[in-house]
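For reference, the chains in residue letters:
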Amino acid sequence: MPARRPRRNDALSAALGYFRDLGVRELHLAAPPAVAGPTSARPGARPETRDAVPSTRPASAKGPAVPALPDLDTLRATVAACQLCGLCRTRTQTVFADGTGRSRIMFVGEAPGADEDATGVPFVGRAGQLLTKMIGAMGLDRADVYIANVLKCRPPGNRNPEPAEIAACRPYLETQIEVVKPAVLVAMGKFAAQFLLETEEPITRLRGKWGMRRGIAVMPTFHPSFLLRQPERKKEAWEDLQQVLRKLGLPVPGRKESGS
Ligand code: URA
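Residues numbered from 1 in each chain as written. Predicted model: local features only at pLDDT ≥ 70, side-chain atom pairs only at ≥ 80, totals over all residues. Heavy atoms only, no water.

## Structural notes on unusual backbone geometry
(1) Moving on: Its identity as a non-glycine residue notwithstanding, Asn 158 has a phi of 60 degrees, on the positive side.
(2) Moving on: Relative to the elements of secondary structure, Asn 158 occurs in the loop between strand E2 (146-149) and helix H5 (163-180).
(3) Moving on: Relative accessible area serves as the criterion here: at 45%, Asn 158 is assigned to the partly exposed category.
(4) Moving on: Despite not being glycine, Lys 181 shows a phi value in the positive range, around 45 degrees.
(5) Moving on: Turning to its location among the elements, Lys 181 is positioned in the loop between H5 and strand E3 (184-188). (Helix = DSSP H or I, 4+ residues; strand = E, 2+ residues; numbered from the N terminus. Buried < 20%, exposed > 50% of the residue type's maximum accessible area, 1.4 Å probe, protein only.)

Spelled out as structure tokens, the structure:
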């Protein structure tokens, strides 16, 4: 008999169980926003549907229970109502991610800035415009990749994320990675690289060298905000992105990202 497609309530209780197993004790849920339909296949995209993966266990299954993953819509709604740290009091809205979740490349940044806090979309300000150009230089479109941040809320005045905020937000990015299952994670800047590689090494030592996070290749590179301040370092960032293209067997365009 074909497996029954899980209903939203099943997905929600699976999500709640998942967060309970991760140690999250309090979640404030709101209705999920409407989502766009699937996009056509593109170079960075995965062919199969990936944004609804609640797992069910047959009654006969043996061994320890594996918590079911929430789907991205449920997770987005959970994040939208999150009050796990003080940033919920100063944010305009949460900034969950940009992308369908069917991408082989996932870019991870630090935290939303003022433009992202105003729009709810990551990387739309000046740094975001540079990131969009960098993705374009890779021969890709923003729609081909998945973009998320370590923090889902803007730290006031764009200050650095605090360790307690990163710890509170950790399960959200971890779950996004588990659901999207990208082939490559691009860690932009110190906070993303240190989070993904679980290290305290400075970004200057990490960048350009492949790392691994739970079976997923991680390429640390400079944050676009840093590249805006130090445009002479764009050459190194472009070398890092070329490595990503090569790893995925994608064509490497024979030009440099100028950003100007
Ligand atoms: N910087 C980030 O790290 N993330 C954003 O979404 C915007 C700027």
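## Details of the confidence of the model for the chain
(1) Moving on: Put simply, the chain has an average pLDDT of 84, and 72% of its residues get 70 or more.
(2) Moving on: No element of the chain has a lower mean pLDDT than helix H1 (residues 8-22), at 52, and none a higher one than E3, at 99.
(3) Moving on: Here residues 28-40 is modelled with pLDDT under 50, and outside its nearest four sequence neighbours on either side it reaches 21 contacts, counting other chains as well.
(4) Moving on: Between residues 48-61, whose pLDDT stays under 50, and residues either more than four places distant or in other chains, the model counts 26 contacts. (pLDDT = per-residue confidence, 0-100. Contact = heavy atoms within 4.5 Å.)

## Considering the sheet that holds strand E5 (residues 216-221)
(1) Moving on: The sheet built from five strands is open, its strands ordered E2-E1-E3-E5-E4 with mixed pairing. The two strands at the open ends of the sheet, each matched to only one other strand, are E2 and strand E4 (211-213). Shown here is a sheet whose adjacent strand axes are inclined to one another by a mean of 30 degrees, direction ignored.
(2) Moving on: Pairing of E4 with E5, which is carried by three bridges, proceeds in the antiparallel orientation. (Pairing = 2+ DSSP bridges. Axes fitted to C-alpha atoms, helices over the stretch in contact; angles between N-to-C directions.)

## Thoughts on the packing of aromatic side chains
(1) Moving on: Within this structure, the stated rule accounts for one aromatic pair.
(2) Moving on: Ring centres of Phe 222 and Phe 226 lie 4.7 Å apart, and the angle between their planes is 40 degrees; on these two criteria the pair is classed as tilted. We note that Phe 222, like Phe 226, is buried.
(3) Moving on: Positioned above the aromatic ring of Phe 195, the side-chain terminus of Arg 170 is 4.3 Å from the ring centre.
(4) Moving on: Positioned above the aromatic ring of Trp 210 is the side chain of Lys 247, whose terminal nitrogen or guanidinium carbon lies 4.6 Å from the ring centre. (Phe/Tyr/Trp six-rings, centres within 6.5 Å; stacked < 30°, edge-to-face > 60°. Lys NZ or Arg CZ within 6 Å of the ring centre and 35° of its normal.)

## Focus: H5
(1) Moving on: Over its 18 residues, H5 runs 25 Å from end to end, which matches the ideal 26 Å to within 8%, given 1.5 Å per residue.
(2) Moving on: At Cys 169, H5 shows its maximal bend, which comes to roughly 45 degrees, and the proline Pro 171 appears one to four places after that position.
(3) Moving on: Among the 18 residues of H5, 13 are classified as buried, and the element is accordingly described as predominantly covered.
(4) Moving on: At the C-terminal side of H5, Lys 181 shows a positive phi close to 45 degrees. (Expected span 1.5 Å × (residues − 1). Bend = angle between axes of the 7 residues up to and from the residue.)

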